[in-house]
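Here's the letter readout for the chains.
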Amino acid sequence: MALILQYDDTRLCEAFETIANSDQASDYIREIALLVVKDGLTREAVQGVLAGYGLRIGNIRNELLDVLIAYANYVLEDNLITEKEQRNFGFLKLIFGIREGDFYKHKLPEIKAIIAKQAEKIYSDNTVSETEALHGVNLQEMFDLSYAQFDQIKADEVEKALDRGANFLDLDTANVKLLKSK
């Protein structure tokens, strides 16, 4: 199934308009962000923008990861990832040439911060609902993390829940080190 960017998504356009207007963004990142806003984002269009600067996608992978992190933060302002946002994120990764492992390898502190904030909300009541578990799966998928990587990143919040008296079986984790330590 082909990924289709949902251009009727007002939140997507708002996020990329913010990115396009950022003082910290380079000129080519601003132009790429405007492609999203103007309904013109394709791999070829991105390559065309970069060619004008003598660049290729591989040369700016770190900046494109930053763009996706900015979008993820925008999406997660409501602590929810909709199906449309998940599809859009996947499409953006595809267009930007983001490979599995890139977030973990190049942006680990940033994704840890995002996941920790979400995990704090998920584990705050000492139990993980089905909806919260699915939210965790969506986060894991967004950043192309293995279950073990994701479980390790959220371990501090799981441990805090256990310290508050949570039942290990209610916490959607397979981190046996935490179970053994408690």
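Described below are features of the structure shown in this document. (Residues numbered from 1 in each chain as written. Predicted model: local features only at pLDDT ≥ 70, side-chain atom pairs only at ≥ 80, totals over all residues. Heavy atoms only, no water.)

1. Observations regarding unusual backbone geometry
Part 1 of the argument: At Asn-79, a position not held by glycine, the phi torsion is positive, near 55 degrees.
Part 2 of the argument: Its location among the elements puts Asn-79 in the loop between helix H4 (61-75) and helix H5 (83-95). (Helix = DSSP H or I, 4+ residues; strand = E, 2+ residues; numbered from the N terminus.)

2. Concerning the environment of Arg-43
Part 1 of the argument: With respect to the helices and strands, the residue Arg-43 is situated in helix H3 (residues 43-51).
Part 2 of the argument: Classification of Arg-43 by relative accessible area gives partly exposed; the value is 31%.
Part 3 of the argument: When the C-alpha positions of Arg-43 and Ile-32 are compared, they lie 10 Å apart, and in sequence the two are eleven residues distant.
Part 4 of the argument: A distance of 3.0 Å separates the side chain of Arg-43 from the backbone oxygen of Leu-94, its partner in a polar contact. (Buried < 20%, exposed > 50% of the residue type's maximum accessible area, 1.4 Å probe, protein only. Polar contact = N/O pair within 3.5 Å; in protein donor to acceptor, adjacent residues only side chain to side chain.)

3. Thoughts on the pattern of salt bridges
Part 1 of the argument: If you walk through the whole model with that rule in mind, you get nine salt bridges.
Part 2 of the argument: With a closest N to O distance of 3.4 Å, Arg-11 and Glu-85 form a salt bridge. Taken together, the residues span a long stretch of sequence, with Arg-11 in helix H1 (residues 10-20) and Glu-85 in helix H5 at a distance of 74 residues.
Part 3 of the argument: A relative accessible area of 26% means that Arg-11 is categorised as partly exposed.
Part 4 of the argument: Between Arg-30 and Asp-27 there is a salt bridge, with its nearest N and O atoms 2.8 Å apart. Residue Arg-30 and its partner Asp-27 are both found in helix H2 (residues 27-37); the two are separated by three residues, about one turn of the helix.
Part 5 of the argument: Connected via shared salt-bridge partners are Asp-151, Lys-154 and Asp-172. (Salt bridge = Lys/Arg side-chain N within 4 Å of Asp/Glu carboxyl O.)

4. A short note on the nonpolar core
Part 1 of the argument: In terms of nonpolar packing, the biggest core is built from 46 residues, with Phe-16, Leu-41, Phe-96 and Phe-143 touching the most fellow members.
Part 2 of the argument: For this core, the elements supplying multiple residues, two or more each, are H1, H2, H3, H4, H5, helix H7 (108-123), helix H8 (130-142) and helix H9 (147-153).
Part 3 of the argument: The residues contacting Phe-96, other than those within four sequence positions of it, are Ile-32, Leu-41, Arg-43, Val-46, Ile-57, Leu-64, Val-67 and Leu-68.
Part 4 of the argument: Grouped together as the second largest cluster of nonpolar side chains are eleven residues, Ala-119, Val-158, Leu-162 and Phe-168 included. (Core = buried A, V, L, I, M, F, W, Y, C linked by side-chain atoms within 4.5 Å. Contact = heavy atoms within 4.5 Å.)

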